[in-house]
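The residues making up each chain are set out below.
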Amino acid sequence: MKLPRFASLTQLISEMKAQEKHEFDKVHDQMRSLYHELSVLSKKSTNTAINKFKLKFVNSILGQSNQFLKEKYKPFKDFSLFDADEMPSNSDVALILGQYLKCMEKFRIDNTKSDSLDWR
Amino acid sequence: MAIVRPRLNDYYNVPLRQENLDFPIPFLDEDIPLYVDPFLLWKSPSLQDNALHTIIVSSFNHLGKLFAKGEETEAIKTLILLTECDEVGLGNSGVRKGKKIGEKTAGEILSLFKNIPRISQDGFHHFEEIQLLIDNVSKDRISDIACSIIKSWLIDFTIQSCDKFGIPIQKTDISLYDFKKQQIVSESVTLPLNPDNKSPLLLTPKRWLRYVPWINYDDYFDSYYIKDVEDAFEQKRTRIAILEYNRHNYDLISRYIETKEHAAKSCTTDPLFSQIPVLSAKRKLKTILGIPTGKTDNADKKYEDNMVPVLASMLYPHLDFAQAQSRVESGSQIRDLIFYNNRDIDPLKDIYDLYDARQIVIELKNVKEVEREHINQLNRYLTEQFGKFGILFTRNPAPSHIYKNTIDLWAGQRRCILILDDSDLAMMADVYETKQRLPIEVINKKYIEFIRSCPS
């Protein structure tokens, strides 16, 4: 983020919000894409274990989402990331991603101005 | 701690995964049921293998020439010494000890150099042909003669391999065929020794091994001889008569050998272990899931018979299958599968380090519900032979009090008994098919679940 040397505090906060919004939108889109992929896989083979390659990226996106959602918006208090050793199935992952998508929507709505549908 | 079906590396506690090696790991008290096929050396793209084949054939032909020249005693004596190569441990002996041929058979083999003009003149191109000409010469004999002649090279190969993988070697005397002197000599070399009887062991390249030689009597009889000859005589001949016929009609053998040379592309190495195909695993899983619990109509036997190939295939190559064995405890027959712990992935290393499990025992129980006695049986067995880790494969999830029993066992004695059921088997079969994860990871999953349930 490049700011003028003597940027005001208001400017700084505004820029930070824009950056966060951009990050959030990126993670949200990636989460949607993963959910779509995993839903298709889950319908095809529900109980098949997801491979470690996919799980690595699912966990990466979940980790980034957790940073935004924090305890208040996280779908489950005792879930943060998948453990590869537990061999989660396609449907397990699809279920969790679906829950995260809903919570991200809720987070977005709660942080959006009602008149312009823009971020607060 | 006794090891079931011990291999060289198990004794020295060197973890090796068979799949990664270019030689079969020798067993200490029995032979590997594979044979060196000289034809594989002949067809090999490697000039070294071709040269070794030439050495084998020319050495064999040299003995024939000696015999034909009149030095019969010397030729017979040398041939007899070449007909057994215990050090390589290939064949079907249960004690790693074979018998040499007798003087009569040796004389018959070498007489071919006198009695068949073509051989007398040109010698053999593939000495495996003697199987088609002389009785009592089988695949293990061909393999042993080949190994004995190139023993000097095998010694070098063994020393290099042992050096590479850290298998201890010691000084020992060994007799070998000296190609330059064309006679058997004794030499002092450093080789791995069988700890039981201190006899030297030799390693053989996997690429030379087959279950049956490419040129063999059965193939000749089934695919060549019948068509060309048997019909003409309108009656079946005995093996002895066929061999005699071959000696008098050597052209027929020559043509058969030409045919085999032309088909050399199809001659491939046989693997030490073949996993069952995915389709077959799925069929077996379906069969297993359909077998009722208990012993009615030999259901337990059917369950065990189907589980053996499925587990051996699914867990390969991380766990090399050692043996399926039966034992009787408290009047009931118990079937176990024993695997070598290759320690090539983390969970297996942990199991080795924490529970001293050099081999992993999987006990099969076709029961509706696992009982405390089943756990105790396996626990007692572990105490006697295997570290402190065992797996009990059964049909349904263990009741909570039995699961608690295994946790108590861990808490009290640091023994780990995992209970896997049909759903775990189905998951293993699923990942075996989809290749998304490894079937061994299902065992790891159960292990982690178990450890998380244990008191910290």
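In this text, all values refer to a predicted model and were calculated from it rather than measured experimentally.

A. Just the overall build of chain A, in detail. What chain A contains, in helices and strands, is three helices and zero strands. The proportion of buried residues among the 120 residues of chain A is 21%. When contacts within chain A are restricted to residue pairs at least 6 apart in sequence, those whose partners lie at least 24 apart make up 76%.

B. Quick peek at the overall build of chain B. Helix and strand content of chain B: 18 helices and nine strands. Every one of the 456 residues in chain B was classed for burial, and the buried ones make up 42%.

C. Up close: the pairing of strand β6 (residues 332–341) of chain B. Residue and element names in this part refer to chain B. Alignment of strand β5 (residues 319–329) against β6, held across ten bridges, turns out to be antiparallel. Looking at the pairing, Arg327 lines up with Ile334 of β6. Hairpin remark: β5 followed by β6, antiparallel, with two residues in the connecting loop; positive phi at Ser330, about 50 degrees. Where β6 lies against strand β7 (residues 359–364), six bridges are found, and the strand directions are antiparallel. Note on β7: the bridge partner recorded for Arg335 is Leu364.

D. Broad picture of the confidence of the model for chain B. Averaged over every residue, the pLDDT of chain B is 91; the share at 70 or more is 97%. Scored as a complex, the prediction yields pTM 0.83 and ipTM 0.77.

E. Summary view of the domain arrangement of chain B. All names here are of chain B. Taken domain by domain, chain B consists of domain 1 (8–266) and domain 2 (278–453). If you average the C-alpha positions of domain 1 and of domain 2, the two centres end up 41 Å apart. The partner domain 2 presents seven residues to the six residues of domain 1 that form the contact. Here the residues of the side of domain 1 that touches domain 2 are counted per class, giving two nonpolar, one polar and three charged.

F. Fine view of the nonpolar core. One finds A:Met31, A:Leu97, B:Leu311, B:Leu315, B:Ile360, B:Ile362 and B:Met428 to be the most contacted residues of the largest nonpolar core, which totals 71 residues. With residues up to four places along the chain from it excluded, the contact list for A:Met31 reads A:Ile61, A:Ser65, A:Leu97, A:Tyr100, A:Leu101 and A:Met104. Grouped together as the second largest cluster of nonpolar side chains are 66 residues, B:Leu41, B:Phe113, B:Ile130 and B:Leu203 included.

G. Geometry of the interface of chain A and chain B. On the chain B side, the residues contacting the nine residues of chain A number eleven residues. When the residues that make up the side of chain A that touches chain B are grouped by side-chain class, the tally is three nonpolar, four polar and two charged.

H. Representation of helix α4 (residues 72–82) of chain B. All names here are of chain B. Within the sequence span of α4, burial applies to Ala75, Ile76, Thr78, Leu79 and Leu82. Buried residues along α4 cover an arc of 165 degrees about the axis, so they all sit on one side. Taken together, the buried residues of α4 touch α3 (47–69), α5 (103–115), α7 (139–149), β2 (170–178) and β3 (183–191).

I. Representation of helix α10 (residues 239–248) of chain B. Residue and element names in this part refer to chain B. Those residues of α10 not exposed but buried are Ile242, Leu243 and Asn246. Each buried residue of α10 lies within a common arc of 100 degrees when the element is viewed along its axis, so the set occupies one face. Away from its buried face by more than 90 degrees, α10 exposes Ile240, Ala241 and His248.

J. Here's a closer look at the environment of B:Lys302. Locating B:Lys302 in the fold gives a position in helix α13 (residues 299–315). As for B:Lys302 and B:Pro292, which are separated by ten residues in sequence, their C-alpha atoms are 9.8 Å apart.

K. How the structure looks around unusual backbone geometry. All names here are of chain B. Following Tyr316, the chain continues into Pro317 via a peptide bond in cis, with omega recorded as 5 degrees. At Asp297, a position not held by glycine, the phi torsion is positive, near 55 degrees. Tracing the chain through its elements places Asp297 in the loop between α12 (278–290) and α13. Owing to 10 C-beta atoms within 10 Å, Asp297 belongs among the exposed residues under this scheme.

L. Inspection of the environment of B:Ile149 at higher detail. Residues and elements named next belong to chain B. For Ile149, the location among the structural elements is in helix α7. Taking C-alpha positions, Ile149 is 16 Å from Leu40, a pair spaced 109 residues apart along the chain. Sequence-distant contacts of Ile149, defined by excluding residues within four places in its chain, comprise Ile55, Ile56, Ser59, Leu82 and Tyr177.

M. Inspection of the sheet that holds strand β9 (residues 416–420) of chain B at higher detail. Residues and elements named next belong to chain B. The five strands are arranged β5-β6-β7-β8-β9 in an open sheet whose pairing can be described as mixed. Where the open sheet ends on each side, the last strands, each with one partner, are β5 and β9. Put simply, the sheet's adjacent strands are angled 25 degrees from each other on average, direction ignored. Where helix α18 (residues 439–453) meets the sheet, its contacts fall on β5, β8 (389–393) and β9, and the angle it forms with β9 comes to roughly 120 degrees.

N. Quick look at the pairing of β7(B). All names here are of chain B. Burial of β7 is extensive: six of the six residues sit out of reach of the surface. Of the two faces of β7, the one carrying Gln359, Val361 and Glu363 and the one carrying Ile360, Ile362 and Leu364 are both buried. As defined by bridge partners, β7 adjoins β8 across four bridges and the pair is classed as parallel. From the neighbouring strand, Leu364 faces β8, where its bridge partner is Phe393.

O. Spatial organisation of the environment of B:Asn216. The topology assignment puts B:Asn216 in the loop between β4 (209–210) and α9 (217–233). If near-sequence neighbours (up to four positions away) are discounted, B:Asn216 is found in contact with B:Gln131 and B:Lys139.

P. Seen up close, the packing of helix α17 (residues 422–434) of chain B against α18(B). Residues and elements named next belong to chain B. Between α17 and α18, the least distance of the axes is 8 Å, while the angle of their chain directions is 145 degrees. Two packed elements cross with a definite hand, and for α17 against α18 that hand is right-handed. On the side of α17, the interface is formed by Asp424, Met427, Met428, Val431 and Tyr432, while α18 contributes Pro439, Val442 and Lys446. Class assignment of the residues belonging to the contact of α17 with α18 gives a composition of six nonpolar, no polar and two charged.

Q. Region of the structure containing the packing of α12(B) against α13(B). All names here are of chain B. One way to put it is that α12 packs onto α13 with a least axis distance of 10 Å and a crossing angle of 145 degrees. As α12 runs across α13, the sense of the crossing is left-handed. Contacts between α12 and α13 involve Ala281, Lys284, Leu285, Thr287 and Ile288 from the first element and Tyr303, Asn306, Met307, Pro309, Val310, Ser313 and Met314 from the second. The residue makeup of the contact of α12 with α13, split by class, is eight nonpolar, three polar and one charged.

How each quantity is defined
- Once a new chain begins, its residue numbering starts again from 1 and follows that chain's sequence as written.
- The order in which chains are written sets their letters, starting at A; the order in which ligands are written sets their numbers, starting at 1.
- With the structure being a predicted model, the display of local features is reserved for residues of pLDDT at least 70 and the display and counting of side-chain atom pairs for 80 or more, all residues being used for whole-chain, interface and lining totals.
- Secondary structure counts use DSSP, requiring at least four H or I residues in a row for a helix and at least two E residues in a row for a strand, with both numbered from the N terminus.
- In this scheme every C-beta is placed from the backbone, and a residue whose C-beta has 20 or more other C-beta atoms within 10 Å is buried, one with 12 or fewer is exposed, and one in between is partly exposed.
- We call two residues in contact if the C-beta atoms placed from their backbones are at most 7 Å apart.
- One requirement defines pairing of two strands: DSSP has to find at least two bridges between them.
- Residue-level confidence of the predictor, termed pLDDT, takes values from 0 up to 100.
- Domain segmentation is taken from an automatic or database assignment of domains.
- Each residue is assigned to one of three groups, with Ala, Val, Leu, Ile, Met, Phe, Trp, Tyr, Cys and Pro labelled nonpolar, Asp, Glu, Lys and Arg labelled charged, and all others, Gly among them, labelled polar.
- Put simply, a nonpolar core is a cluster of buried Ala, Val, Leu, Ile, Met, Phe, Trp, Tyr and Cys residues tied together by C-beta atoms within 7 Å.
- Our arc is simply the arc of the directions from the helix axis toward the C-beta atoms.
- Fitting a line to C-alpha atoms yields each axis, with helices limited to the stretch in contact; the angle taken between N-to-C directions then spans 0 to 180 degrees.
- Helix crossings fall into two classes, left-handed where the near helix is turned counterclockwise from the far one by less than a right angle and right-handed where it is turned clockwise.

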